[in-house]
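Secondary and tertiary structure notes
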Amino acid sequence: MKSLVSQSVIDASDKLRADTMAKVNADPKLRKIYDDTRKEAQANIDRHKKMRLKRKVNGTVVEVEVADSPTKVKSKRKKSDRSKRIELLDTLFSEAIRMRDGFTCQRCGHQNKSAQAAHIWTRNNYSTRWDMENALCLCYMCHIKGFHSAHREPAEFLEWIHKRMGDERWEALKVRSMNTVKVNDAFLDETEKRLRKYLARWK
Ligand SMILES: [Zn+2]
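What this report covers is the structure whose coordinates are included nearby. Given the structure is predicted, the values throughout are model-derived calculations rather than measurements.

1. What to know about the overall build of the protein chain
If you tally the helices and strands in the protein chain, you get seven helices and four strands. In the protein chain, the succession of α and β elements from N to C terminus is α-α-β-β-α-β-β-α-α-α-α. Within the protein chain, the proportion of its 203 residues that are buried is 30%. Long-range pairs, those at least 24 residues apart, make up 59% of the contacts in the protein chain with a sequence separation of at least 6.

Pasting the structure below:
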């Protein structure tokens, strides 16, 4: 299966990460907040327990241990294996974005433990739901609440993102966000492997 993420995207993401870390390392106060938040984020990932899922192998349904289960969900309705896996990937993705951006709002520079991973193009499209280029760390005000937040002024937000990314990365992301992918086991496996690999770099 050909990866949807090109090398230039990975390089751009690495550069963003390096820039953020340079800023964090230059300021002991930022470094402390970063380390504390990093620990919490790791605990959030580690808390997940092994999960048994029903899988179809050569047409036969078998039970296999595939991954860690997502955070406990207090819901009476039993979640399907698929939605459990999607929830896990959302958690991994959110932590990866938050770690990459140093838990710092990329719009106003505010650093806060509750900084959120905000999608650029809607996460309803699975081709870019877990694409590291398709999200960034934003504080609650810049993401949802503020007058000029991404949710209140989406056009303004997208214009800002476009400028920030530059034409080439922007266009490439737009094309990827319009792709259709089959959300099957292979796709979910590959995504999980990629995100875990990404997160493991900062263990
Ligand atoms: Zn902000």
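After presenting the structure, the write-up continues.
2. As for the pairing of strand E4 (residues 135-138)
Residue alternation in E4 divides its side chains into two sets, Ala 135 and Cys 137 and Leu 136 and Leu 138, and both sets are buried. In terms of strand pairing, strand E3 (residues 116-119) meets E4 through four bridges, oriented antiparallel. Bridge assignment links His 119 to a residue of E4, and that residue is Ala 135.

3. Structural notes on the nonpolar core
Leu 89, Phe 93, Ala 96, Ile 97, Cys 137, Leu 138 and Leu 195 are the most contacted members of the largest nonpolar core, which has 33 residues in total. At the level of elements, helix H2 (28-46), helix H3 (81-100), E3, E4, helix H5 (154-165) and helix H7 (185-200) are the ones that each hand at least two residues to this core. Examining the composition of this core, we find that eight residues originate from one element, H3, more than from any other. Those residues in contact with Ile 97 that sit more than four places away from it in its chain are Ala 117, Ala 135, Leu 136 and Cys 137.

4. Things to note about the packing of H3 against H7
When two helices pack together, their arrangement is given by the angle between their axes and by how far apart the axes lie. At their nearest, the axes of H3 and H7 sit 10 Å apart, and the two run at 30° to each other. Accordingly, the angle class assigned to the pair H3 and H7 is roughly parallel. Once H3 is placed against H7, the crossing between them reads as left-handed. Of the residues in H7, those in contact with Arg 85, Leu 89, Leu 92, Phe 93, Glu 95 and Ala 96 of H3 are Leu 188, Thr 191, Glu 192, Leu 195, Arg 196, Tyr 198 and Leu 199. Across the contact of H3 with H7, the residue classes break down as eight nonpolar, one polar and four charged.

5. A look at H5
The end-to-end C-alpha distance of H5, which contains 12 residues, comes to 16 Å, matching closely the 16 Å that a straight helix rising 1.5 Å per residue would cover. Following H5 by one or two positions, Gly 166 adopts a phi angle in the positive range, close to 85°.

Reading the values: the criteria
Counting restarts for each chain, with residues numbered from 1 along the sequence as it is written. Per-residue local features of the predicted model are confined to residues with pLDDT of at least 70, and side-chain atom pairs are confined, for both listing and counting, to 80 or more; whole-chain, interface and lining totals are unaffected and use all residues. Labels follow the DSSP assignment, with helices taken as runs of H or I lasting at least four residues and strands as runs of E lasting at least two, numbered in each case from the N terminus. Our exposure labels follow a C-beta count within 10 Å of each residue's own C-beta, placed from the backbone: buried means 20 or more other C-beta atoms, exposed means 12 or fewer, and partly exposed covers the counts in between. Contacts here follow a simple rule: the backbone-placed C-beta atoms of the two residues must lie within 7 Å. Here, any two strands with at least 2 DSSP bridges between them count as paired. Nonpolar cores are identified as sets of buried Ala, Val, Leu, Ile, Met, Phe, Trp, Tyr and Cys residues joined via C-beta atoms within 7 Å. Fitted lines through C-alpha atoms serve as axes, helices being fitted only where they are in contact, and the angles separating the N-to-C directions of these axes extend from 0 to 180 degrees. The cut-offs work like this: below 35 degrees is roughly parallel, past 145 is roughly antiparallel, 65 to 115 is roughly perpendicular, and the gaps in between are oblique. Two helices crossing with the near one rotated counterclockwise from the far one by less than a right angle form a left-handed crossing, whereas a clockwise rotation gives a right-handed crossing. Three residue categories are used. Nonpolar comprises Ala, Val, Leu, Ile, Met, Phe, Trp, Tyr, Cys and Pro, charged comprises Asp, Glu, Lys and Arg, and polar comprises the others, including Gly. Take the number of residues in a helix, subtract one, and multiply by 1.5 Å to get its expected span.

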